[in-house]
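Single-letter residue listing:
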Amino acid sequence: MTIDLAAFAQENNVKYFMISFTDLFGGQRAKLVPAQAIADMQEEGAGFAGFATWLDLTPAHPDMLAVPDPSSVIQLPWNPEVAWVAGNCVMEGEDVAQAPRNVLRRLIREAADDGMHVKTGIEAEFFLLTPDGEELSDPFDTAVKPCYDQQAVMRRYDVIKEICDYMLDLGWGPYQNDHEDANGQFEMNWDFDDALATADKHSFFKFMTRSVAEKHGFRATFMPKPIEGLTGNGCHAHVSVWDAPGEKSTKNVFADNDKELGLSDKGRAFLGGIMKHASALAAITNPTVNSYKRINAPRTMSGATWAPNTVTWTGNNRTHMVRVPGPGRFELRLPDGAVNPYLLQAIMIAAGLDGVRTNADPGKRWDIDMYAEGHKVTDAPKLPLNMLDALREYDKDKSLKAMMGKEFSAAYLKMKHQEWNSFVSHFSQWEKENTLDI
């Protein structure tokens, strides 16, 4: 049953709705709509000039409308007068094919047509910094191995507790929070869900975390590698496929205790698709110049990067790109904190769906410590060294581009190449320090 947003506002004393969409670069865009106007907006959508965001549109394009999806509505726990609702981008009555949430919705329908209902969970990592982003928010957070540091997590208890309390109130099922492997870094986990619900929660979580951090005088960042020498922000994703969506699901079709690591033939083929397209996946899962400071990093202060640099998979071993920690699911450790919440889900479904359709083989399973013995793996591809290499890998992966959609792929590649060109045209301090006297 569709939620009537006007009735929702009246029942919950909501004065404003934030109709939100996420652009190609992961930017969260919104219009603040008075509750008195939400009935018309629910039908017609809020108007945006798409060119003013990171979408491949021009000033001459017609209005782009973000039509709210009422099933996604969330009343802001820290400001209950406002409710957030994800919007689907529409132009002249048609879905904007390049808009990330639309890409994901289409792939979910395609997977469902093949009898596959993807459920995912993500592990969101972030740093708490000073407002200028230059220093850690906690000057006493200096341990060489700070992971799970109970004193450090309690010094930021007020922030972590507030975010976790909100997730409890929202019914997300948060189940653990910790200080992560870098100084100033934290991770928060909540229950897995259908892919679209996870993407909406992921998007809202980033908004909520930044808002709560600002309230406490800090700055939360999901930047992949904000501090040189420390572990970066990952966004590990756990993937399983079920026989039906939501609460209707009864069977995990990835689970088969008679198979290797408890992963069914379909699960293995889905994993095969992830492995087959891994180098191209990086263009989406690791979308910024800074992303490649994380996946190609030297050893960090704690002794490990906790990030992959080679296309390998394993059992319950955190040194590989994919691990299978238990029956019926796998964990993709490639994505980082900058990943677009909707494109992360979309690219995993696209690669996995192609894997199932082609019965892709994930290849040899490696159970070695990749950080200590990775040199022994000589026949597995290395992950891209930089964003340009990743874009080139994506561009030449014709089947994956087709799965993600022609219009989306063209727009993404065009705008990301523009971003790369902007980066390489930037004059850095490094250039002066190393070539001034050449």
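Residues numbered from 1 in each chain as written. Predicted model: local features only at pLDDT ≥ 70, side-chain atom pairs only at ≥ 80, totals over all residues. Heavy atoms only, no water.

Novice: Tell me about the environment of Phe192, and name the residues and values.
Specialist: As for its placement among the helices and strands, Phe192 is situated in the loop between strand S10 (185-190) and strand S11 (193-194). For the pair Phe192 and Arg219, spaced 27 residues apart in sequence, the C-alpha to C-alpha distance is 27 Å. Here Phe192 is in contact with Lys119, Thr120, Gly121 and Trp242, once residues within four sequence places are set aside. (Helix = DSSP H or I, 4+ residues; strand = E, 2+ residues; numbered from the N terminus. Contact = heavy atoms within 4.5 Å.)

Novice: Outline empty space enclosed by the protein, supporting the account with residue identities and numerical values.
Specialist: Taken as a whole and judged by the stated rule, the model has three cavities of 30 Å³ or more. Looking at the largest cavity, its volume works out to about 80 Å³. Within the residue set of the lining of the largest cavity, elements represented by two or more residues are strand S1 (16-22), strand S6 (82-91) and helix H3 (100-113). For the lining of the largest cavity, the leading source of residues is S6, giving five residues. Split by residue class, the lining of the largest cavity holds seven nonpolar, five polar and one charged. (1 Å grid on protein atoms, 1.4 Å probe; cavity = no way out; pocket = protein on both sides within 12 Å on 5 of 7 lines; lining within 4 Å. Points joined across faces, edges and corners; volume = space filled by probe spheres on them. Nonpolar A, V, L, I, M, F, W, Y, C, P; charged D, E, K, R; others polar.)

Novice: Now, about the pairing of strand S4 (residues 64-68): what can you tell me, with residues and values included?
Specialist: Residues Met64, Ala66 and Pro68 point to one face of S4 and are all buried, whereas Leu65 and Val67, pointing to the other face, are not buried. Direction of pairing for strand S3 (residues 46-48) relative to S4: antiparallel, over a ladder of three bridges. Bridge assignment links Ala46 to a residue of S4, and that residue is Ala66. (Buried < 20%, exposed > 50% of the residue type's maximum accessible area, 1.4 Å probe, protein only. Pairing = 2+ DSSP bridges.)

Novice: Report on the packing of helix H5 (residues 157-170) against helix H6 (residues 195-215), specifying residues and quantitative values.
Specialist: At a closest axis distance of 10 Å, the pairing of H5 and H6 adopts a crossing angle of 140 degrees. With respect to H6, the element H5 is oriented oblique. H5 and H6 meet at a crossing whose hand is right-handed. Contacts between H5 and H6 involve Val159, Glu162, Ile163, Tyr166, Met167 and Leu170 from the first element and Phe204, Phe205, Met208, Thr209, Val212 and Lys215 from the second. Partitioned by chemical class, the residues of the contact of H5 with H6 number nine nonpolar, one polar and two charged. (Axes fitted to C-alpha atoms, helices over the stretch in contact; angles between N-to-C directions. Parallel < 35°, antiparallel > 145°, perpendicular 65-115°, else oblique. Left-handed = near helix turned anticlockwise from the far one by under 90°.)

Novice: Tell me about the environment of Arg219, and name the residues and values.
Specialist: Position of Arg219 relative to the elements: it lies in strand S12 (residues 219-221). Between the C-alpha atom of Arg219 and that of Gly133, which follows or precedes it by 86 residues, the distance is 6.7 Å. Excluding residues within four positions of it along the chain, Arg219 makes contact with Phe127, Leu128, Leu129, Thr130, Pro131, Asp132, Gly133 and Ala213. A distance of 3.2 Å separates a polar atom in the side chain of Arg219 from the backbone oxygen of Pro131. (Polar contact = N/O pair within 3.5 Å; in protein donor to acceptor, adjacent residues only side chain to side chain.)

Novice: Any chance you could break down the packing of helix H8 (residues 278-285) against helix H10 (residues 341-357) for me, citing the residues and the numbers?
Specialist: Where H8 meets H10, the axes come as close as 9 Å, and the angle between the chain directions of the two elements is 165 degrees. Considering the angle they form, H8 stands roughly antiparallel to H10. Between H8 and H10 the crossing geometry is right-handed. Between H8 and H10, the residues in contact are Leu281, Ile284 and Thr285 and Leu343, Leu344, Ile347 and Ala351, respectively. Its residues assigned to classes, the contact of H8 with H10 comprises six nonpolar, one polar and no charged.

Novice: Which residues make up the pairing of S10, and what are the values?
Specialist: Of all six residues making up S10, six are buried, and the element is well covered by its neighbours. The pairing of strand S8 (residues 117-129) with S10 spans five bridges and is antiparallel. Residue pairing for S10: Phe127 is matched across the bridge by Gln185. One ladder, built from five bridges, connects strand S9 (residues 174-179) with S10; its direction is antiparallel. Bridge pairing in S10 links His179 to Phe186. Turn length for the S9-S10 hairpin, with the two strands adjacent in sequence and antiparallel, is five residues, and the turn residue Gly184 shows positive phi of about 80 degrees.

Novice: Give me the nonpolar core: which residues, what numbers.
Specialist: Residues Phe17, Phe205, Ile274, Met321, Tyr394 and Met404 are the most contacted members of the largest nonpolar core, which totals 116 residues. Among the elements that make up this core, the one with the highest residue count is H10 (10 residues). Not counting residues within four places of it along the chain, the set of residues in contact with Phe205 comprises Ala124, Phe126, Ile163, Met167, Trp172, Met188, Trp190 and Phe222. (Core = buried A, V, L, I, M, F, W, Y, C linked by side-chain atoms within 4.5 Å.)

Novice: Break down H8 for me, with residues and values.
Specialist: Of all eight residues in H8, eight are buried; the element is thus mostly enclosed. By the burial criterion, the buried members of H8 are Ala278, Ser279, Ala280, Leu281, Ala282, Ala283, Ile284 and Thr285.

Novice: Talk me through the layout of surface pockets; I want residue IDs and the actual numbers.
Specialist: In this structure, the largest pocket occupies an estimated 660 Å³ of space. Residue lining of the largest pocket: 38 residues in total, with Glu123, Glu187, His238, Arg323 and Glu331 positioned closest to the centre. Of all the secondary structure elements, the ones that give two or more residues to the lining of the largest pocket are S8, S9, S10, strand S13 (235-242) and strand S16 (329-332). Counting residues per element, the lining of the largest pocket draws most heavily on S8, at six residues. There is about 530 Å³ of room inside the second largest pocket. Together, 22 residues line the second largest pocket, and Arg210, Ala220, Thr221, Phe222 and Met223 are the ones closest to its centre. Elements with a contribution of two residues or more to the lining of the second largest pocket: H6 and S12. Among the residues forming the lining of the second largest pocket, the class breakdown is nine nonpolar, nine polar and four charged.

So, to be careful, I would describe these as geometric facts and stop short of saying anything about function.
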